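# Reading the structure
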Amino acid sequence: QLQASGGGLVQPGGSLRLSCTVSGIIFSLQAMAWYRQAPGKQRELVARITSTGSPNYADSVKGRFTISRDNAKNTVYLQMDSLKSEDTAVYYCYRAYKYYFTWGQGTLVTVSS
């Protein structure tokens, strides 16, 4: 089970940190990712991190977002800085291990003045 939290309303230029806590599986083996889906658009990959901690980012968020994981807390984070209105979306946590994957419920991020 994946439980995401941390979404909310923030002004342009502000910051938010999303968290996704995983239960019921061996977290340290999982590749983790954050996706987002804006209204009327397809779901897109935002950032991912391997089981060994190597991150990868979409070009649109490079230099602004940071993905990290804490295996002791079974949690993956997405630190979002310098937020823009185009970052407004529902953000989803995702885990994958071999042929198995799970989506978490979304958390809404709204960037607006």
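Residues numbered from 1 in each chain as written. Predicted model: local features only at pLDDT ≥ 70, side-chain atom pairs only at ≥ 80, totals over all residues. Heavy atoms only, no water.

As a further point, take the sheet that holds strand S6 (residues 55-57). Taken together, 6 strands build an open sheet; the order of strands is S2-S10-S9-S4-S5-S6 and the sheet is mixed. With partners counted over all chains shown, the strands left at the sheet margins are strand S2 (8-10) and S6, one partner each. When strand polarity is set aside, the average angle formed by the axes of neighbouring strands in this sheet is 25 degrees. Examined bridge by bridge, S2 and strand S10 (residues 100-111) share 3 bridges and lie parallel to one another. (Pairing = 2+ DSSP bridges. Helix = DSSP H or I, 4+ residues; strand = E, 2+ residues; numbered from the N terminus. Axes fitted to C-alpha atoms, helices over the stretch in contact; angles between N-to-C directions.)

Another point: the state of the cysteines. Following the criterion strictly, the structure yields 1 disulfide and no others. Across the disulfide, Cys 20 is cross-linked to Cys 93 (sulfur-sulfur distance 2.1 Å). When the S-S torsion is -85 degrees, as for the bridge of Cys 20 with Cys 93, the disulfide is left-handed. Taken together, the residues Cys 20 in strand S3 (residues 16-22) and Cys 93 in strand S9 (residues 89-97) connect sequence positions 73 residues apart. Owing to a relative accessible area of 0%, Cys 20 belongs among the buried residues under this scheme. (Disulfide = S-S within 2.5 Å. Buried < 20%, exposed > 50% of the residue type's maximum accessible area, 1.4 Å probe, protein only.)

On to the pattern of salt bridges. One pass over the structure, following the stated rule, counts 4 salt bridges. Between Arg 36 and Asp 87 there is a salt bridge, with its nearest N and O atoms 2.9 Å apart. Residue Arg 36 is found in strand S4 (residues 31-37), and its partner Asp 87 is found in the loop between strand S8 (75-80) and S9; the two are separated by 51 residues along the sequence. Residue class for Arg 36 comes out buried when judged on its relative accessible area of 5%. For Asp 87, a relative accessible area of 0% translates into the label buried. A salt bridge links Arg 64 to Asp 87, with the nearest nitrogen and oxygen atoms 2.8 Å apart. Residue Arg 64 is found in the loop between S6 and strand S7 (65-70), and its partner Asp 87 is found in the loop between S8 and S9; the two are separated by 23 residues along the sequence. (Salt bridge = Lys/Arg side-chain N within 4 Å of Asp/Glu carboxyl O.)

With that out of the way, let us pick up the side chain of Asp 87. Within the structure, Asp 87 has its side chain in polar contact with the side chain of Arg 36 (distance 2.9 Å). Those residues within four positions of Asp 87 in sequence are excluded, and the remaining contacts are Arg 36, Arg 64, Phe 65, Ser 82, Val 109 and Val 111. (Polar contact = N/O pair within 3.5 Å; in protein donor to acceptor, adjacent residues only side chain to side chain. Contact = heavy atoms within 4.5 Å.)

What is shown is where atoms sit, not what they do.
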